[in-house]
Protein chains: 4
Amino acid sequence: YDDISDCIDLIICLGGDGTLLYASSLFQGSVPPVMAFHLGSLGFLTPFKFELYRTEVAKVLEGNAAITLRSRLKVKVVKDMLQRAGQQPENREPQLEHNGLLPHGHTNSEDGKVTLQLQVLNEVVVDRGPSSYLSNVDLYLDGRLITSVQGDGVIVSTPTGSTAYAAAAGASMIHPNVPAIMVTPICPHSLSFRPIVVPAGVELMITLSPDARNNVWVSFDGRRRQEIQHGDCIKITTSCYPVPSICCHDLVYDWFESLAQNTAEGIRFA
Amino acid sequence: YDDISDCIDLIICLGGDGTLLYASSLFQGSVPPVMAFHLGSLGFLTPFKFELYRTEVAKVLEGNAAITLRSRLKVKVVKDMLQRAGQQPENREPQLEHNGLLPHGHTNSEDGKVTLQLQVLNEVVVDRGPSSYLSNVDLYLDGRLITSVQGDGVIVSTPTGSTAYAAAAGASMIHPNVPAIMVTPICPHSLSFRPIVVPAGVELMITLSPDARNNVWVSFDGRRRQEIQHGDCIKITTSCYPVPSICCHDLVYDWFESLAQNTAEGIRFA
Amino acid sequence: YDDISDCIDLIICLGGDGTLLYASSLFQGSVPPVMAFHLGSLGFLTPFKFELYRTEVAKVLEGNAAITLRSRLKVKVVKDMLQRAGQQPENREPQLEHNGLLPHGHTNSEDGKVTLQLQVLNEVVVDRGPSSYLSNVDLYLDGRLITSVQGDGVIVSTPTGSTAYAAAAGASMIHPNVPAIMVTPICPHSLSFRPIVVPAGVELMITLSPDARNNVWVSFDGRRRQEIQHGDCIKITTSCYPVPSICCHDLVYDWFESLAQNTAEGIRFA
Amino acid sequence: YDDISDCIDLIICLGGDGTLLYASSLFQGSVPPVMAFHLGSLGFLTPFKFELYRTEVAKVLEGNAAITLRSRLKVKVVKDMLQRAGQQPENREPQLEHNGLLPHGHTNSEDGKVTLQLQVLNEVVVDRGPSSYLSNVDLYLDGRLITSVQGDGVIVSTPTGSTAYAAAAGASMIHPNVPAIMVTPICPHSLSFRPIVVPAGVELMITLSPDARNNVWVSFDGRRRQEIQHGDCIKITTSCYPVPSICCHDLVYDWFESLAQNTAEGIRFA
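Residues numbered from 1 in each chain as written. Chains lettered and ligands numbered in written order. Predicted model: local features only at pLDDT ≥ 70, side-chain atom pairs only at ≥ 80, totals over all residues. Heavy atoms only, no water.

As recorded in an unreviewed UniProt entry, chain A goes by the name NAD(+) kinase, listed as coming from Xenotaenia resolanae. The record held by UniProt for chain A lists under Sequence similarities (unreviewed entry) the comment "Belongs to the NAD kinase family." (UniProt positions renumbered as here; feature names shortened; annotations may be inferred.)

1. Focus on the sheet that holds strand β16 (residues 216-220) of chain A
The 7 strands are arranged β17(A)-β16(A)-β8(A)-β11(A)-β13(A)-β14(A)-β12(D) in an open sheet whose pairing can be described as mixed. Both outer strands of the open sheet, β17 (223-228) of chain A together with β12 (173-174) of chain D, are each paired with one neighbouring strand and no more. The pairing of β16 of chain A with β17 of chain A spans 4 bridges and is antiparallel. When the bridges of β17 of chain A are listed, W217 of chain A appears paired with E227 of chain A. (Pairing = 2+ DSSP bridges. Helix = DSSP H or I, 4+ residues; strand = E, 2+ residues; numbered from the N terminus.)

2. Describing the environment of K74 of chain C
Residue and element names in this part refer to chain C. Among the structural elements, K74 can be located in strand β5 (residues 73-80). What makes K74 partly exposed here is its relative accessible area of 32%. Distance in space between the C-alpha atoms of K74 and G16 is 23 Å, their sequence separation being 58 residues. Once you skip the residues sitting within four places of it in the chain, K74 turns out to touch Q117, L118, Q119, K235, I236, T237, T238 and S239. (Buried < 20%, exposed > 50% of the residue type's maximum accessible area, 1.4 Å probe, protein only. Contact = heavy atoms within 4.5 Å.)

3. A look at the side chain of T158 of chain C
Residues and elements named next belong to chain C. Mapped onto the elements of the fold, T158 is located in the loop between β11 (153-157) and α7 (165-168). According to the relative accessible area criterion, T158 is buried, its value standing at 0%. At 2.9 Å, the side chain of T158 and the backbone nitrogen of G161 are in polar contact. Those residues within four positions of T158 in sequence are excluded, and the remaining contacts are S71, R72, L73, V120, L121 and N122. (Polar contact = N/O pair within 3.5 Å; in protein donor to acceptor, adjacent residues only side chain to side chain.)

4. Quick look at the confidence of the model for chain A
All names here are of chain A. Looking at chain A as a whole, the pLDDT averages 88, with 87% of positions reaching at least 70. Within the model, pLDDT remains below 50 along residues 89-106, and this stretch shows 28 contacts once partners closer than five positions in the same chain are excluded. Predicted as a complex, the structure gets a pTM of 0.92 and an ipTM equal to 0.89. (pLDDT = per-residue confidence, 0-100.)

5. Focus on the interface of chain D and chain A
Interface extent is often summarised as the accessible area lost during association of the parts. Contact with chain D, which involves 30 residues of that partner, is made by 30 residues of chain A. Between chain D and chain A, a total of about 2,400 Å² is buried, with carbon and sulfur atoms accounting for 64% of that surface. With its nearest N and O atoms 2.9 Å apart, the salt bridge here joins R144 of chain D to D250 of chain A. In this assembly, chain D and chain A are joined by 13 residue pairs in polar contact (both at pLDDT 80 or more). Elements with a minimum of two residues in the side of chain D that touches chain A: β10 (144-151), β12, β13 (180-186), β14 (196-199) and α8 (251-265) of chain D. Top element by residues in the side of chain D that touches chain A is α8 of chain D. It accounts for 7 residues. In terms of residue class, the side of chain D that touches chain A is built from 21 nonpolar, 6 polar and 3 charged. The pairing of strand β12 (residues 173-174) of chain A with β14 of chain D spans 2 bridges and is parallel. If you follow M173 of chain A over to β14 of chain D, its bridge partner there is I196 of chain D. (Buried area = accessible area lost by both parts, 1.4 Å probe. Salt bridge = Lys/Arg side-chain N within 4 Å of Asp/Glu carboxyl O. Nonpolar A, V, L, I, M, F, W, Y, C, P; charged D, E, K, R; others polar.)

6. Digging into the pattern of salt bridges
A complete count under the given rule lists 20 salt bridges over all chains for this structure. For K59 of chain D, the salt bridge goes to E56 of chain D, with nearest N and O atoms at 3.6 Å. With a gap of 3 residues between them, K59 of chain D and E56 of chain D both fall in helix α3 (residues 53-61), about one helical turn apart. Owing to a relative accessible area of 40%, K59 of chain D belongs among the partly exposed residues under this scheme. Using a relative accessible area of 9% as the deciding quantity, one classes E56 of chain D as buried. Connected through salt bridges with shared partners, the residues D127 and R225 of chain A together with R128 and D152 of chain B form a single ionic network.

7. Structural notes on the sheet that holds strand β8 (residues 123-127) of chain C
The strand order across the open sheet formed by 7 strands is β12(B)-β14(C)-β13(C)-β11(C)-β8(C)-β16(C)-β17(C), and the pairing between neighbours is mixed. The open sheet has two edge strands, β12 (173-174) of chain B together with β17 (223-228) of chain C, and neither has a second partner. Direction of pairing for β8 of chain C relative to strand β16 (residues 216-220) of chain C: antiparallel, over a ladder of 4 bridges. Of the residues in β16 of chain C, the one forming a bridge with V126 of chain C is V218 of chain C.

8. With respect to the relation of the copies chain D and chain A
For the pair chain D and chain A, the best superposition has an RMSD of 0.0 Å and corresponds to a rotation of 180° with a translation of 0.0 Å parallel to the axis. The superposition operator between the copies reduces to a two-fold rotation axis. Proximity to the rotation axis, assessed at the C-alpha, singles out S172 of chain D in chain D; its C-alpha lies 2.8 Å from the axis. Taken as a fraction of all interface residues of chain D, those also at the interface in chain A reach 100%, which identifies the copy contact as same-surface. (Least-squares fit on C-alpha atoms with pLDDT ≥ 70 in both.)

Encoded structure:
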């Protein structure tokens, strides 16, 4: 992928927010500037109108373009394969491969651990998956246990992702320029548990709570869903590879335009 | 089960809300009065303190007891087995049996349809299951399409269930004596979609939306999870078999006591 | 007003929800059937399209009309005038008169109490008024203290009112046919305090909490705002004079149509 | 006040969050470090336990203390006195003086405008005041109209203030180190209007909407409430005088401790 990144100077993205999410996932290192056109209705990530593409592209090529650096999250999943091997020795590794983790993530094996690393633009979701039972995870911040989250799950999102799934789960909407990470519980068992916003740069870690009786599932921008067991952990911090998004008007205007459109019509996610 | 019901005059339930949910599920027809003790902390359904069981049971046996009739929902799932047979002829029926639907539900086969019928005390949940994608279902009321729900899913609950999973999804809390059915979207895509409360006695129906690309999953008081495909439907109405719950003090006091306790500490569900 | 009521067989209301609220306030006893046309966009209370008035009125006069009985709340404010007299003897009574309470309400003086009684169609609101400080009131149900509410205030509404101010404060939306009363805290200090729904027919009472340091204000369908002091109380129960609203299509269709329209565009209240 | 600031090296604050709010309001310019003890239960702003004051103060004097710079908002209210003079020539200026605006704020008169400037630590609140009617204000960001807010009002808060009144109005909770400003509607008429978080440093402006029929009221950390009319405006930006708060443990621990305590027990504000 680094190869791709080196050869590409500008990404032109045609579609919806999902298209841009996919495009950015192709660049796990640095990302070239992205100019995103919405083919349907105006999205949060796709400010340009396709009908005007000639003049808009010309303007950008002339250098008349503001850029928003949309932060991403670097997510590292460390799986305890020894424990897994003990339980179900034969079929776990192939499942990982089936999920495309080995080729896409940077995996390695030390002390029986397999590590997967990914950059996400919207969010990491930890949820109860196919289970009907509450998920029960512990949240650490800079190595210290902050809280346990019981409920349908928890969303760790960028400001960009605050207007996606996190908004549906009750989060406030954060402008992409705010250097922050948002943690949003999904249908939490504790009615007073609110979404929280912490500074960009902290390291979050999520594990199953010691007394959790069910595994949870993690997904990355709605993709590569996989199971998290006791002994595994998910580490999340601000990525050093943001997505440089070319603004249509400017940072403020674009964001509020998309807010107005999407909060009225319904946000789109996953 | 009707046999059981005929032989039992009083249920004494020791445990938590989950215990009472289970106990009531054993009575798919009429239910004898239930006296429920909480072994842990005070629950919504378990008002009696175990330490006082001698005097409390004595009082009840003397006839000094107010009763709340907690309404249940009668849920009927109609599955189009012909369509399934076309797809995956060999393994669907066994899965049903594995989920315990045949023995517990009243199933029959006419025109390739299999019907399952159950009474729930808290709620029917329709959700996206193991999928990372939005669920997309249509909601009918008395045969008329009312709305589509896009999001993590939808909860149809009794007033009793309004303080369980529905509360975590943002619902208001309904006293068990209000004759109503509550419909609560789970993390809806439309930010203005609020939980709605309709009169007891209406017939609700849920199906996959015609353009839904993913199946959804249904569960009954957190149990008997199963997949819903195009062609299937879920019919829900107020059951004529409520659960007669013996009050500890009275209907008003018991409910507000349990509210005070549980909204502070966190509701418990599933 | 009873006179008016006796002479009128049908109310035809042209305007918006506010017009109907006002019209119904003119009938403090029984109310003739109301046929409400929206002159602007579709409201919750005004289902008929004005353009079609000829045919619609004709249909109704022929007797082809379903009717929803929209419950009202009977609100009784008992003010301790002796206490007031002690404090500010000269100017309180005139203020009452200025607010139009004496002529419209049924007031009397016994033991220095002045009683005001009103029927509301949407809600009674108790709030902090011009104060910047939290309001602090106690809520009684059937004579028993249920909870204290600290925050901006509390809304007691009918199902009809659940889609007005209460919705803005986070309440679920209740179909007008559900026999219930809704209690919704406004920006409560306790983050786990949810709106609650109790059966129609209970008697609610609101007073200042004993340790409240600021008076609160009460208003009735957004009108007749007045101050509540220590010693005063507000009693609320379901009125025996509902508003018979003529349906345009039927009860279910009308309500969901207005929901769809108004949750997308923004509810209207006060 | 600058005089005070120059002579004071350390503020020791005994009481609750309100005490610290008041103390910080005394320093309209730069603020010396604040060490805040809670005399009641743990607050958001008062991490130190009074019982341990000897050892805690000693530690701080030795220089062993982490400091959080809690951002404040600089709020400038520009009132069009000419317009007011036309309306009510005799009594407006005295009211201002009564509210303490002249001595505390930096006021001046140019072109008939009177300007008041204040630093707030929690929030600026614009609300409907004693009116029963919706407030209707326009919100500008960096000079551009972003949105109109119809409802009970709007809260512009610091991250510190996000856990106060804004939380009661539904906002997410922002760590004090996130450089941001939060805008939270109070009971908004539009059900999809969510709290939004914008980068520190932007300039917000609030005015009555052109078609607003009622004045609104503004208050500053719950104080100095005053009326805003057509022609007035409120300008808000991040202050260059934050409040240096001495941490008890460290920034992360203190904040999550206070969150855990206060979300369970109820936040305190105003």
